[in-house]
Amino acid sequence: MSWKVDVDGDTCIGSGMCAALKPEVFVLDGATATVVTGEVEPDETVLDAADSCPAMAIEVLEKGAVIGPRP
């Protein structure tokens, strides 16, 4: 099982929180973050990155269902 991770480049403000938490998944590319790989192994830190995003620009999906950011 893997999770699909996406960063909305139009919403991202480039705070770098995600890249600081999980640099093997997220990188800053200029003024916005991007995902190194769109699919990752389940990892609580990926959800923490989605939860910590001040712009709520990160979406984590499992089997098509949104699991992050958490409410």
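Data block above holds the structure.
The written sequence of each chain sets the order in which its residues are numbered from 1. Under the rules for a predicted model, residues below a pLDDT of 70 receive no local features and side-chain atom pairs below 80 are neither given nor counted, while totals for whole chains, interfaces and linings still include all residues. Note: side-chain values were computed over all heavy atoms of the structure, leaving out hydrogens and water.

**Digging into helix α2 (residues 44-52)**
Classification of residues uses two cut-offs on accessible area relative to the type maximum, computed with a 1.4 Å probe and protein chains only: under 20% is buried, over 50% is exposed, and between them is partly exposed. The helix and strand labels rest on DSSP assignments: H or I over at least four residues marks a helix, E over at least two residues marks a strand, and numbering proceeds from the N terminus. For α2, the set of buried residues is Val46, Leu47, Ala49 and Ala50. All buried residues of α2 project into a common sector of 155 degrees when viewed along the axis, lining one side. Those residues of α2 that are buried lie in contact with β1 (3-7), α1 (17-21), β2 (26-29), β4 (39-40), β5 (58-62) and β6 (65-68). One side-chain oxygen at the N-terminal end of α2 lies 2.8 Å from the backbone nitrogen of threonine 45; it belongs to aspartate 43. What the arc describes is the spread of directions from the helix axis to the C-beta atoms. A contact between two residues is defined here by any heavy atoms of the two lying within 4.5 Å. Pairs of N or O atoms are called polar contacts if they sit within 3.5 Å, as long as, within protein, a hydrogen donor faces a hydrogen acceptor (for residues adjacent in sequence, only side-chain-to-side-chain pairs).

**What to know about the nonpolar core**
Ranked by size, the top nonpolar core spans 18 residues in total, and within it Val7, Phe26, Val46, Ile58 and Val60 carry the most contacts. Elements that contribute at least two residues to this core include exactly β1, α1, α2 and β5. At four residues, α2 tops the list of elements feeding residues into this core. Other than its neighbours up to four places away in sequence, valine 60 contacts Trp3, Lys4, Val46, Leu47, Ala50, Ala65, Val66, Ile67 and Gly68. Take the buried residues of types Ala, Val, Leu, Ile, Met, Phe, Trp, Tyr and Cys, join any two whose side-chain atoms come within 4.5 Å, and each joined set is a nonpolar core.

Functional significance is not addressed by these values, which are geometric in nature.
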